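As a plain string of letters, each chain reads:
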Amino acid sequence: MTPPDLSRRRVLFAAGAAGTGAVLTSSTGTASSLRGRGSAALVVHNARVLTGERHARPQEAIAVGRNGTVLATGPSAVIRRLSGPGTDVVDASGATVMSGIVDAHAHPIGAGTRSLKPSLDHERFTVEQLLETLRQFLAESAGGEPGGEPDGWLSAVDWNPVGLLPAGTVPHHRILDELPTRRPVALLGGDGHTAWVNRRGLELAGITAKTPDPPGGEIVRDPDGSPTGLLKDDAIHPVTRLIPEAEGEELHAAVAKALSHAAAQGVTAFLDAGVTEFELDVYAALAGSDRMIQRVATALRLSPEEVSDPKEALRWVREMRGTHGGTPKLHFGTAKVFLDGVIEHPTRTAALLDPYLDRDGRPTRDRGDLYATAAEFAALARLFDRHGWQLHTHAIGDRAVRVALDGYESARRAGGSRGNRHTIAHLQLVHPDDYPRFARLGVVACMQLQWAMRDVWTMEALLPYIGDERHRRLYPARGLARNGAVLAGGSDWPVDPLGVWNQIRTAVDREGESARQGALHPELQGLDRAAALRMHTAGSAYQLGMERRIGKLTPGAAADLIVLDRDVTRVPVREISDTRVRLTLVGGEAVYDEESTAGKAVRAELDAAAVSLAASARPSSLERTHGGGGGAGQGVGSGRHSACGGGCAPGGGRGVVSG
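Residues numbered from 1 in each chain as written. Predicted model: local features only at pLDDT ≥ 70, side-chain atom pairs only at ≥ 80, totals over all residues. Heavy atoms only, no water.

Colleague: Mind laying out the overall build of the protein chain, listing which residues take part and the relevant values?
Modeller: Scanning the protein chain for helices and strands turns up 20 helices and 27 strands. Within the span of the protein chain, comprising 659 residues, buried residues form 61% of the whole. Of the roughly 23,700 Å² of accessible surface on the protein chain, a fraction of 50% belongs to carbon and sulfur atoms. (Helix = DSSP H or I, 4+ residues; strand = E, 2+ residues; numbered from the N terminus. Buried < 20%, exposed > 50% of the residue type's maximum accessible area, 1.4 Å probe, protein only. Areas by Shrake-Rupley, 256 points an atom, 1.4 Å probe, with all protein chains shown as cover.)

Colleague: Mind laying out the sheet that holds strand β9 (residues 96-99), listing which residues take part and the relevant values?
Modeller: Read across the open sheet, the five strands follow the order β5-β9-β25-β26-β27; overall the sheet is mixed. For this open sheet the edge positions go to β5 (48-49) and β27 (589-593), each flanked by a neighbour on one side alone. With two bridges joining them, β5 and β9 adopt parallel strand pairing. From the neighbouring strand, valine 49 faces β9, where its bridge partner is valine 97. (Pairing = 2+ DSSP bridges.)

Colleague: For the side chain of arginine 582, give the residues involved together with the corresponding values.
Modeller: You can see arginine 582 is positioned in strand β26 (residues 581-586). Residue classification places arginine 582 among the buried residues on the basis of a relative accessible area of 7%. Side-chain polar atoms of arginine 582 contact the side chain of glutamate 594, separated by 2.4 Å. (Polar contact = N/O pair within 3.5 Å; in protein donor to acceptor, adjacent residues only side chain to side chain.)

Colleague: Give a description of empty space enclosed by the protein that names residues and reports values.
Modeller: As enumerated under the stated definition, the model contains one cavity of 30 Å³ or more in all. The calculated volume of the largest cavity comes to roughly 30 Å³. In this structure, the largest cavity is lined by Glu123, Phe125, Leu130, Trp159, Asn160, Gly163 and Leu164. Taken together, the residues that form the lining of the largest cavity break down as four nonpolar, two polar and one charged. (1 Å grid on protein atoms, 1.4 Å probe; cavity = no way out; pocket = protein on both sides within 12 Å on 5 of 7 lines; lining within 4 Å. Points joined across faces, edges and corners; volume = space filled by probe spheres on them. Nonpolar A, V, L, I, M, F, W, Y, C, P; charged D, E, K, R; others polar.)

Colleague: Would you mind going over helix α16 (residues 500-509) in detail, with residue names and values included?
Modeller: Burial of α16 is extensive: 10 of the 10 residues sit out of reach of the surface. Looking only at α16, the buried set comprises Val500, Trp501, Asn502, Gln503, Ile504, Arg505, Thr506, Ala507, Val508 and Asp509.

Colleague: I'd like to hear about the sheet that holds strand β17 (residues 227-233), residue by residue, with values.
Modeller: The five strands lie next to each other as β12-β14-β15-β17-β16, forming an open sheet whose pairing is mixed. Each having just a single partner strand, β12 (154-159) and β16 (217-221) make up the two edges of the open sheet. Averaged over all neighbouring strand pairs, the angle between strand axes comes to 20 degrees, with direction disregarded. Taken together, the four bridges between β12 and strand β14 (residues 185-189) define a ladder with parallel strand orientation. For leucine 154, the partnering residue across the bridge sits in β14 and is valine 185. On the sheet, helix α3 (residues 127-140) packs against β12, β14 and β15 (194-197) and is oriented at approximately 135 degrees with respect to β12. (Axes fitted to C-alpha atoms, helices over the stretch in contact; angles between N-to-C directions. Contact = heavy atoms within 4.5 Å.)

Colleague: Break down the nonpolar core for me, citing the residues and quoting the values.
Modeller: The biggest cluster of nonpolar side chains holds 105 residues, and the ones touching the most others in it are Leu302, Phe384, Ile424, Phe438 and Trp501. Ranked by residues supplied to this core, first place goes to helix α7 (residues 248-264) with eight residues. If we ignore the near neighbours within four places in the chain, the residues touching tryptophan 501 are Met98, Ile101, Gln265, Leu533, Ile562, Leu564, Val568, Ile576, Ser577, Thr579 and Val581. In this structure, Phe125, Leu131, Trp159 and Leu179 belong to the second largest nonpolar core, which totals 19 residues. (Core = buried A, V, L, I, M, F, W, Y, C linked by side-chain atoms within 4.5 Å.)

Colleague: Hey, could you go over the pairing of β15 for me, with residue numbers and the actual values?
Modeller: Across a regular strand the side chains alternate sides, sitting on one face of the sheet and then on the other. Neither face of β15 is left uncovered, since the one carrying Thr194 and Trp196 and the one carrying Ala195 and Val197 both have all their residues buried. Where β14 and β15 come together, three bridges link them in antiparallel fashion. Across the sheet, the residue bridging to leucine 188 is alanine 195, located in β15. In this structure, β15 lies alongside β17, joined through three bridges in antiparallel fashion. Looking at β17, one finds that threonine 194 is bridged to lysine 232.

Colleague: Residues and numbers for the pairing of strand β7 (residues 70-74), please.
Modeller: Where burial is concerned, most of β7 is hidden: five out of the five residues are buried. Where strand β6 (residues 61-64) lies against β7, four bridges are found, and the strand directions are antiparallel. Bridging from a neighbouring strand, valine 64 pairs with valine 70 of β7. The antiparallel pairing of β6 with β7 creates a hairpin that spans five residues between the two strands, and glycine 68 there sits at a positive phi of about 85 degrees.

Colleague: Tell me about the packing of aromatic side chains, and please be specific about residues and values.
Modeller: Under the defined criterion, the tally for this structure stands at five aromatic pairs. Consider the rings of tryptophan 451 and tyrosine 475, whose centres lie 6.4 Å apart with planes at 55 degrees: the pair is tilted. One end of the pair, tryptophan 451, is in the loop between β23 (444-447) and α14 (463-471); the other, tyrosine 475, is in the loop between α14 and α15 (477-482), and 24 residues separate them in sequence. As far as the burial class goes, tryptophan 451 and tyrosine 475 line up, both buried. (Phe/Tyr/Trp six-rings, centres within 6.5 Å; stacked < 30°, edge-to-face > 60°.)

This is how it looks when you write it as structure tokens:
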């Protein structure tokens, strides 16, 4: 559809025109007099205003006060009476006005660092195609010190660990050793749980046949015990610790640009789902230079050692809150825990109730990995719950989900309902017996539903290894919602390139960008449009404990709102993916305006990136999905379920970010 023009003009009324005793009907249906409140800073009319209240009808207009809150919603003719000297008036031409997107699981700093690294773009490559691409990266990057001894790492992000062709080709350092370089080379996996390293990289990391597998990680080995160069989960960290990262203004500028791109897609708040002191320092620098434009809730990442030592974990999160709690727009109260890895082949570290299958459909003895015992997690949950902290737990497999629910239930039995909004993130596979437990225990289901589509990750890398029955239960959004669970929407950006509106669309049709491949069981697990919009606004705000301030457009709420180019409640579902944001406000302040010079520049960058992405995609493959970026400070790759800045693998010390 052709997007309507936003006609913005400044309307000058006589002084006091808005204070004539007009009576408005608020979005709650209660008449409220606005006499004496003064004129609005902004009025948007001729719109379909979604207030975010369940079952509420759309309104025609909204007024934003000069204190950055919503004054009122209602009929256009009535709301426009709030215009006065200095009021900006926007004609939305029938398009949607709604709460800004509240991203309940993302890694914004990882998105900035990713942009500074060479990317393999999640493509499938033959060995020769891959080597040719890496030769180009080597030619374009600096490395080597006087005397010829190499010291410059080539670390490429977005490697597709299931995409090496021909199918069945096994990553081995011998392949990377064919490159014409003595430099260490690391390909950081798009699943966030794997890295592929050449021999030089293994040597620098000190990984030999005698190196034991670390807790929560695996060094893949040849029959003689020597490392192949393929590393999983925590075995990645000895490599990524050695890879230098951007810092200072280079890093801050890259993250600021990433945040501006998010604002242009309508994101007004995040949960940063894997924060260490590194990220806190970056946010402080951005806030100090007025470049932190969204609200950011922090999920302070706990290592496996801290999960097993709850008192130390509590001490550390309190220390971080005490040190950084004064940073503007930064919010504390959540800790991040990993319970398992990822489910896709070849990593298969997600914890399952029933074992994985082999390629021929026969059960194996492998049920994946738990990164904490049930007793350890329950003890942590009880302590953090008692002290008012929310846990945000990564759980992909149904066994990990059950352990998380059991831990939260233990905390509830010990202390009753404290309203701490404990959360489970990702929820790729949940046993149906556990669906009702979310509502009963008050646990929020944080889902990334852009993954709920047919692509290489759900089909080639998964279906053969879990079988049809479990496959039909992937990402069970409808099953959880019908059992009363509160759903929250997150992107896990930059595990995928941020695509807010495709994310919402895929929650409904479970086709998304892979529509030509068919849908992923929409009749079983798809949501209706209203539920998909609500989970990415009010549902996520509830998870963050901010539902009284954001996520809805009701009188007195913060004016975190977006003006779109279409009516997303009425266009065909597939057209939701193409939605463009015209205006984004945070607290009544414009952080993206498509008509401004800065807004036009951001839009040009986004459009150029979209063209580049489309041009490089291979029509015969499904692999251009679930992208990610380099480590948020420490260089661990990203991809499906990764830290988007640090890989999903837990642990690795304070300098390594997990997500």
